[in-house]
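Below, each chain spelled out in residue letters.
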Amino acid sequence: MPNPKPHTVTELTEGVLEGAYGPDPKNVTVTSAFWLYHTTRLAGGEVTYHNHYLLLRAGESFGACSFEAGELSPDFCENASGFPLERLLRSETTPVRIAALDAYLSNVRPHRDAADAEPLILPTGTPELRARARDAAIAGLLDVEPGAKVALIGVVNPLIEAIRERGGVCLPCDLNLRTTQWGEPVSDDMTEVLGRADAVVATGMTLSNGTFDLILEHCRLHDIPLVVYAQTGSAVARAFLTGGVTALSAEAFPFSQFSADATVLYRYRADSSAPALEEAS
């Protein structure tokens, strides 16, 4: 039977707990858990990105969730290994639930085995080169007319450039950044930005801060394309293809910023089958 099409993250989680997507999560064990704090500043930039991640391994795959500083302490991982995913899916802490959900869905169907995934090689190189290749690949999922307004929920400066190169007018929105690297204002009002958008590009961080369902519903209601670029929560976002998400850029752990060597990014489109492997440029 095909998997059911969820309308919200809560509905997806309930479906997993009920066994609608694969094996009973009571029988899927976390074999390792780790907490990461990562900062990066690209050459020539003035913005330091601060990223926090929870990662859970289940079987052959990792699940991940990014979160805000202070939401989850490193000592969570002390006893998480050995827990069944079912227990973590019922956690009161959102990043734990999302990481567990991502681990389950990634283990059931890894991106590397997904027939509808388009694998794209990010080249060996500097962080700047790899970031540009990644963000060009993400922007390549946009199908907009020149001059279209694209809401960017979760600001990455190279992605703003990539959107502009495709003719889009970027409407940046972020809870932590106040300006782009070019000094342009960044909104902290997602509702206002969505109201002006012809298309939306949103990060996987929206899964942990509770805004994903709101963005998804807005795009469904107004028939607006929604592209999700996800390192963390990528298998969770994939469950909403054809259900509001029109395209997805997914990275499995270890993410591109943790390597100087070639790595694979997986692109999905709701309305097409996957092309052959190619290299991003």
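The paragraphs below set out a description of the structure included in this document. (Residues numbered from 1 in each chain as written. Predicted model: local features only at pLDDT ≥ 70, side-chain atom pairs only at ≥ 80, totals over all residues. Heavy atoms only, no water.)

## Here's the deal with the overall build of the chain
Rules: By definition, any uninterrupted DSSP run of H or I lasting at least four residues is a helix, any uninterrupted run of E lasting at least two residues is a strand, and each is numbered from the N terminus. For the radius of gyration, the atom set is restricted to C-alpha positions; the globular benchmark scales as 2.2 Å times the number of residues to the power 0.38. Partly exposed describes any residue whose relative accessible area lies between the buried limit of under 20% and the exposed limit of over 50%, with all areas from a 1.4 Å probe on protein chains only and scaled to the type maximum.
Across its full length, the chain holds 10 helices and 11 strands. Relative to a compact globule of 281 residues, whose C-alpha radius of gyration would be 19 Å, the chain shows 18 Å and is just as compact. The C-alpha extent of the chain, read off along each of the three principal axes, is 50 × 40 × 40 Å. Relative to its full complement of 281 residues, the chain shows a buried share of 51%.

## Concerning the nonpolar core
Our working definition: For the purposes of this section, nonpolar cores are sets of buried Ala, Val, Leu, Ile, Met, Phe, Trp, Tyr and Cys residues that join through side-chain atoms within 4.5 Å. Note on contacts: a residue pair qualifies if any of its non-hydrogen atoms lie within 4.5 Å across the two residues.
Of all hydrophobic cores here, the largest spans 59 residues; its most connected members are Leu56, Leu105, Ile153, Val200, Ile215, Leu226 and Phe240. Residue contacts for Leu226: discarding those within four places in its chain leaves Val200, Ala202, Ile215, Leu216, Cys219, Gly244, Val245, Thr246 and Ala247.

## Notes on the environment of Cys173
Tracing the backbone shows Cys173 in strand E6 (residues 169-173). By relative accessible area, Cys173 is classed as buried at 4%. Spatially, the C-alpha atom of Cys173 lies 4.6 Å from that of Ser187, the residues being 14 residues apart in sequence. Residue contacts for Cys173: discarding those within four places in its chain leaves Leu152, Ile153, Gly154, Val155, Val186, Ser187, Asp188, Asp189, Met190 and Val193.

## Thoughts on the packing of aromatic side chains
As a reminder, the rule being used: When two rings of Phe, Tyr or Trp (its six-membered ring) have centres within 6.5 Å they constitute a pair, described as stacked for plane angles under 30 degrees, edge-to-face for angles over 60, and tilted for the intermediate range. A ring has a charge above it when a Lys NZ or an Arg CZ is no more than 6 Å from the ring centre and no more than 35 degrees off the ring normal.
Inspection of the entire model under this criterion finds 10 aromatic pairs. Both rings, one in Phe253 and one in Phe255, keep their centres 5.4 Å apart while their planes meet at 85 degrees; by these two values the pair is edge-to-face. Each residue in the set Phe34, Tyr53, Phe62, Phe253, Phe255 and Phe258 is aromatic and connected to the rest through ring pairs, giving one cluster. Taking NZ or CZ as reference, Arg87 lies 4.0 Å from the ring centre of Phe83, over its face. Seen from the ring of Trp182, Arg164 lies directly overhead, with NZ or CZ sitting 4.9 Å from the centre.

## Some words on the sheet that holds strand E3 (residues 61-67)
Here is the rule we go by: Between any two strands, pairing holds if DSSP finds at least two bridges. To define axes, lines are fitted to C-alpha atoms, for helices over the stretch in contact only, and angles between the resulting N-to-C directions are given on a 0 to 180 degree scale.
Strand order across the open sheet formed by three strands is E1-E2-E3, with antiparallel pairing between neighbours. Of all strands in the sheet, those with a lone pairing partner are strand E1 (32-40) and E3, marking the two edges. Sheet twist, expressed as the mean angle between neighbouring strand axes with direction ignored, is 25 degrees. Contacts from helix H4 (residues 94-108) reach strand E2 (49-58) and E3, with the element oriented near 155 degrees to E3.

## Focus on unusual backbone geometry
Residue Phe253 is joined to Pro254 through a cis peptide bond whose omega torsion reads 5 degrees. Locating Pro254 in the fold gives a position in the loop between strand E9 (247-250) and strand E10 (263-269). Unusually for a residue other than glycine, Asp223 sits at a positive phi of about 55 degrees. By secondary structure assignment, the location of Asp223 is in the loop between helix H9 (212-222) and strand E8 (226-230). The class of Asp223 is exposed, set by a relative accessible area of 71%. If you check the backbone angles, Thr242 has positive phi at about 70 degrees while not being a glycine. Considering the arrangement of structural elements, one finds Thr242 in the loop between helix H10 (234-238) and E9. Classification of Thr242 as exposed rests on a relative accessible area of 55%.

## Description of the layout of surface pockets
A probe matching the size of a water molecule, rolled over the atoms, marks out where space remains unfilled. Short version of the rule: A pocket here means an open set of points on a 1 Å grid, computed over the protein atoms alone, that has protein on both sides within 12 Å along at least five of seven lines. A cavity is instead a set of points where a 1.4 Å probe fits but cannot get out; residues with an atom within 4 Å of a point line either one. Grid points are joined across faces, edges and corners, and a volume is the space filled by probe spheres set on the points. All residues other than Ala, Val, Leu, Ile, Met, Phe, Trp, Tyr, Cys, Pro, Asp, Glu, Lys and Arg, Gly among them, are scored as polar; the first ten of these are nonpolar and the last four charged.
Empty space within the largest pocket amounts to approximately 1100 Å³. Elements with a contribution of two residues or more to the lining of the largest pocket: E1, E2, E3, helix H5 (127-139), helix H8 (205-208) and E8. For the lining of the largest pocket, the residue count by class is 19 nonpolar, 22 polar and six charged.

## Here's the deal with the side chain of Ser66
Note that Ser66 resides in strand E3. Classification of Ser66 as buried rests on a relative accessible area of 11%. Not counting chain neighbours up to four residues away, the residues in contact with Ser66 comprise His52, Tyr53, Met205, Ser208 and Thr232.

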